[in-house]
Amino acid sequence: MNILVDVGNTSIKWQFREGQAVVRTEVGDLNSLEAQLALRDDLSTATAAVSCVRDEAFARELQTLFTAAGCTSVHFVSSVAEFAGLKNAYSAPDTLGVDRWLALLETRARGHTTSLVIDAGTACTIDVMSQGSHVGGYILPGVCLARESLIANTDTIRFDDTVQASLMPGTTTAACVSSGAWLMTYGAVNEIIRRFPEAAVFLTGGSAKELIALGVEGEWVTDLVCEGLDFWLNGA
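Residues numbered from 1 in each chain as written. Predicted model: local features only at pLDDT ≥ 70, side-chain atom pairs only at ≥ 80, totals over all residues. Heavy atoms only, no water.

## Section: the environment of N190
Spelled out, the test is: Helix and strand definitions follow DSSP, with helices as H or I runs of at least four residues and strands as E runs of at least two, each counted in order from the N terminus. When accessible area is computed with a 1.4 Å probe and restricted to protein chains, residues below 20% of their type maximum are described as buried, those above 50% as exposed, and intermediate ones as partly exposed.
Counting through the fold element by element, N190 comes out in helix 5 (residues 173-195). The exposure class of N190 is partly exposed, given its relative accessible area of 24%. Along the chain, N190 and G215 lie 25 residues apart, while their C-alpha atoms are 9.2 Å from each other.

## Section: the sheet that holds strand 4 (residues 47-52)
Note the following rule: At least two DSSP bridges between two strands are required for those strands to pair. As a rule, the C-alpha atoms of each element are fitted with a line to give its axis, helices using only the stretch in contact, and angles between N-to-C directions run from 0 to 180 degrees.
Taken in spatial order, the 5 strands line up as 3-2-1-4-5 in an open sheet, and their pairing is mixed. This sheet does not close on itself; its edge strands, each paired only once, are strand 3 (21-28) and strand 5 (73-76). Ignoring strand direction, the axes of neighbouring strands in this sheet form an average angle of 15°. Of the strand pairs in this sheet, strand 2 (residues 12-18) and strand 3 are connected by 7 bridges, and their pairing is antiparallel. Considered in strand 3, the bridge of R17 is made with V22.

## Details of the packing of helix 4 (residues 143-153) against helix 5
Under the convention used in this document: When describing relative orientation, an angle under 35 degrees is termed roughly parallel and one over 145 degrees roughly antiparallel, while 65 to 115 degrees is termed roughly perpendicular and anything else oblique. Take the far helix as your reference; a near helix turned counterclockwise from it by less than a right angle gives a left-handed crossing, and one turned clockwise gives a right-handed crossing. Two residues form a contact once any of their heavy atoms are found within 4.5 Å. Following the grouping adopted for this structure description, the nonpolar residues are Ala, Val, Leu, Ile, Met, Phe, Trp, Tyr, Cys and Pro, the charged ones are Asp, Glu, Lys and Arg, and the polar ones are all others, Gly among them.
Two elements in contact, helix 4 and helix 5, have axes whose closest approach is 9 Å; the angle formed by their N-to-C orientations is 135°. Of the possible angle classes, the one that applies to helix 4 and helix 5 is oblique. Considering only the axes of helix 4 and helix 5, their crossing is right-handed. Mapping the contact onto sequence places V143, A146, R147 and L150 in helix 4 and V177, S178, A181, W182, M184 and T185 in helix 5. Residues of the contact of helix 4 with helix 5, tallied by class, amount to 7 nonpolar, 2 polar and 1 charged.

## Describing the nonpolar core
For clarity, the cut-off: We call a set of buried residues a nonpolar core when its members are Ala, Val, Leu, Ile, Met, Phe, Trp, Tyr or Cys and they connect through side-chain atoms within 4.5 Å of each other.
Of all hydrophobic cores here, the largest spans 22 residues; its most connected members are L86, W101, L102, L105, L224 and L229. Elements with a contribution of two residues or more to this core: helix 3 (98-109), strand 11 (200-204) and helix 7 (224-235). With 6 residues, helix 3 is the single largest residue contributor to this core.

Shown next as structure tokens:
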């Protein structure tokens, strides 16, 4: 069994796989992952591959959790200068977020040499691969972070309303802030897509579904990082 773990800024996603078959996919926290591991009879022959964007203390806690569950073959993936023919644009390759690197690797595994990976989560990251090489990317606040930053750093912008994703002008403070946040992300994403018309476009992350509904054209892949982990572990 392979256990693929995608540790994001606000949640953890994991998959149990037997060969290429996905047995289970869940999203939760360390406690819920620990509970799932406890349900498995024997993890001594299992292999875990982890993408972690949190700090080293969290990674050590995760390693301890796997060890306690009987899984001793645990690999924390890091970004490198080149893997499976994909070259990293960073001069310090290991400083590229490993989730971004794995997502790019998965687009390469799917046969693309020119692609855009848009991960719309806490932060919105956009990475560009051209002719088989990572040429760089962009990082901007995600929609929720943009809203929260306005509330945290102004005196009078306050609201508790939940507003649906929209690009239309708002008629309440909540709607104005929401539409502004969505328009910022939508505009940035579409501008990068316009600059790279030959690229295959992939969207992932918590806001990807809404961006597609608003009109961003691309393929929505919910488990892009896990697919990249599987490629890193088995397919390269």
